[in-house]
Amino acid sequence: MTSNFCNLKQLAVMGLFFVLAGLTGCASNTIPPDALLMKEPATEIRQRQARRYATTDEKQVIIAASQLLQDLGFNVENSAKDLGLLVVSKDRSAVDGGQVAGQIAVAVIFGVRMSVDKEQKIRASVVTCPSADRKAIDVRVTFQRLVWDDRGQLSKLERLDDPEMYQDFYIKLSKALFLEAQEVG
Amino acid sequence: MFANRFITFVLCMAFTPAAILSGCNSAPKVNEAEVSLKLRSIQTRSYDTTNANNALRVAMATLQDLGFVIDNADADLGTVSATKLDNAATKMTITVRARGKTEILVRANAQYRLHAVDDPIFYQQFFTAYSKSMFLEAHEVDAAAPGL
């Protein structure tokens, strides 16, 4: 009797173990409720990412942006002139000296090999649009990157929000267009 | 007693990888369960305008406001695709097409990680933002109606 009880208990434990193991096989794929919500107001993000140029030549703005992005090492992936869209990307090394030093230290102390970032793909899309009064062109650029570690696993998927990155882009675009950029509210 | 425990341990070790692998199957999910009329309704709104180009441009601006980077767009076909990277990838496609002579249909579908998004709140949030940028009111659509 005791032996049967033990077997049942063991079976129950095994069953629970397998169910838990099965559940861990799939990561949560339910979209979080705040997936579309931004942590800061849309106007602030727009101010950082967008500028207005006093020209009506949308094509000229897209061409200038494509030239600038080529200067920055990007390759054009896609474009749609009728919608004022330019999509670019570049693949670069993501090796960071600090990370590598950390990896070596952990390996020496704990004998464990930690993974470190190895490659990254930086993507950007430039969208132009005539302003409401049709007297200017609004330009908005957005950057994001994907990082892979030295085991080939995706280690980071992120938007790039550094204000300086955007400011630098528009300083160069203004020079290329011979026009002064205005902030878009 | 020891033998019992040993057998249990061995069985656990033997079946755990199988149990983990059975959590996901690797079938090519090309023909997934057909989208229900309800989901099509959730993903679609109609707007009283005929300017499809503007509707697409507004879709791109809305997606940028929501943190997406535009991947692709086609004015002739009326499509825009975009991806948001925020620890995980959310991919959205917006299509715009005319219905009749006075309105357009805007349909959005999304995937989060490896799954299609069917949460009505997600689409509600998107169309709320989109309608604000369009300065137009969105109309719910009857998915069973002709032309949808």
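Going by the structure above, here's the rest.
Nothing here was measured: the structure is a model prediction, and the numbers come from that model. (Residues numbered from 1 in each chain as written. Chains lettered and ligands numbered in written order. Predicted model: local features only at pLDDT ≥ 70, side-chain atom pairs only at ≥ 80, totals over all residues. Heavy atoms only, no water.)

K.L.:
It is not clear to me how the overall build of chain B should be interpreted in this structure. Could you clarify?
P.N.:
For chain B, the count of helices and strands is four helices and seven strands. Put simply, chain B runs from its N terminus to its C terminus through helices and strands in the order α-α-β-α-β-β-β-β-β-α-β. Counting over 148 residues, chain B shows a buried share of 41%. Restricting to contacts in chain B with at least 6 residues of sequence separation, those with at least 24 account for 55%. (Helix = DSSP H or I, 4+ residues; strand = E, 2+ residues; numbered from the N terminus. Buried < 20%, exposed > 50% of the residue type's maximum accessible area, 1.4 Å probe, protein only. Contact = heavy atoms within 4.5 Å.)

K.L.:
Help me understand the overall build of chain A in this model?
P.N.:
Across its full length, chain A holds five helices and seven strands. Going residue by residue from the N terminus, the α and β elements of chain A occur as α-α-β-α-β-β-α-β-β-β-α-β. Here chain A displays about 10800 Å² of accessible surface, and carbon together with sulfur accounts for 57% of that area. (Areas by Shrake-Rupley, 256 points an atom, 1.4 Å probe, with all protein chains shown as cover.)

K.L.:
Looking at this structure, I do not really get the nonpolar core. What am I missing?
P.N.:
Nonpolar side chains tend to gather and get buried jointly when the protein is soluble and globular. In this structure, Leu-63, Met-92, Phe-122, Phe-126 and Tyr-130 of chain B are the most contacted members of the largest nonpolar core, which totals 39 residues. When contributions to this core are tallied by element, the ones reaching two or more residues are strand E3 (85-93) of chain A together with helix H2 (37-43), helix H3 (52-65), strand E2 (69-74), strand E3 (79-86), strand E4 (88-99), strand E5 (103-112) and helix H4 (120-134) of chain B. Counting residues in each nonpolar core, the second largest holds 22 residues, with Ala-64, Ile-137, Tyr-170 and Leu-173 of chain A among its members. (Core = buried A, V, L, I, M, F, W, Y, C linked by side-chain atoms within 4.5 Å.)

K.L.:
Explain the pattern of salt bridges to me, please; I cannot follow it from the model alone.
P.N.:
One side chain can pair with another of opposite charge once the charged atoms of both are near each other. All names here are of chain A. Within this structure, the stated rule accounts for 16 salt bridges over all chains. Between Arg-159 and Asp-161 there is a salt bridge, with its nearest N and O atoms 3.2 Å apart. Accessibility expressed as a relative area gives 29% for Asp-161, which makes it partly exposed. As a salt-bridge pair, Asp-168 and Lys-172 come within 3.0 Å of each other at their nearest N and O atoms. Within this pair, Asp-168 and its partner Lys-172 are both found in helix H5 (residues 163-177), separated by four residues, close to a single helical turn. By relative accessible area, Asp-168 is classed as partly exposed at 37%. Residue Lys-172 is classed as partly exposed on the basis of its relative accessible area of 33%. Residues joined by salt bridges that share partners form a network here, namely Glu-40, Arg-48, Arg-159 and Asp-161. (Salt bridge = Lys/Arg side-chain N within 4 Å of Asp/Glu carboxyl O.)

K.L.:
What should I look at first to understand the packing of aromatic side chains in this one?
P.N.:
Each pair of aromatic rings is reported with the distance of its centres and the angle of its planes. Applying the stated criterion across every chain, the model contains eight aromatic pairs over all chains. Ring centres 5.2 Å apart and planes at 85° place the aromatic pair Phe-122 of chain B and Tyr-123 of chain B in the edge-to-face group. We classify Tyr-123 of chain B as buried; its relative accessible area is 0%. Taken together, Phe-74, Phe-143, Tyr-166, Phe-169 and Tyr-170 of chain A form an aromatic cluster joined through their ring pairs. (Phe/Tyr/Trp six-rings, centres within 6.5 Å; stacked < 30°, edge-to-face > 60°.)

K.L.:
Quick question: what am I supposed to make of H4 of chain B here?
P.N.:
Think of an α-helix as turning once every 3.6 residues; residues three or four places apart then point the same way. Residue and element names in this part refer to chain B. Across its 15 residues, H4 extends 20 Å between first and last C-alpha, which sits within 8% of the 21 Å expected from 1.5 Å per residue. Those residues of H4 that sit buried are Phe-122, Tyr-123, Phe-126, Phe-127, Tyr-130, Ser-131 and Met-134. Summarising the axial view, the buried residues of H4 lie within an arc of 155°, below the 170-degree limit, and thus occupy one face. Across H4 from its buried face, at more than 90 degrees, point the exposed residues Ile-121 and Lys-132. For H4, the N-terminal capping position is held by Asp-119, with its side-chain oxygen 3.0 Å away from the main-chain nitrogen of Ile-121. Note on H4: the residue one or two positions beyond its end, Phe-135, has a positive phi of about 55°. (Expected span 1.5 Å × (residues − 1). Arc of directions from axis to C-beta. Polar contact = N/O pair within 3.5 Å; in protein donor to acceptor, adjacent residues only side chain to side chain.)

K.L.:
Before we go on, may I ask you to explain the environment of Leu-56 of chain B in this structure?
P.N.:
Structurally, the position occupied by Leu-56 of chain B is in helix H3. Along the backbone, Leu-56 of chain B and Thr-95 of chain B are 39 residues apart, and their C-alpha atoms lie at a distance of 8.0 Å. When sequence neighbours within four positions are dropped, the list of residues in contact with Leu-56 of chain B reads Leu-83 of chain A together with Asp-74, Ala-75, Gly-78, Thr-79, Val-80 and Val-96 of chain B.

K.L.:
Please clarify how a nonpolar patch on the surface should be interpreted in this entry.
P.N.:
Taken together, the side chains of Ile-104, Val-108, Ile-109, Phe-110 and Val-112 of chain A define a hydrophobic patch exposed on the protein surface, amounting to about 560 Å² of accessible area. Among the secondary structure elements, Ile-104 of chain A is positioned in helix H4 (residues 97-110). (Patch = residues over 30% accessible without salt bridge, like charges linked within 9 Å, V, L, I, M, F, W, Y side chains within 5 Å.)

So far we have only geometry, and geometry alone does not tell us how the molecule works.
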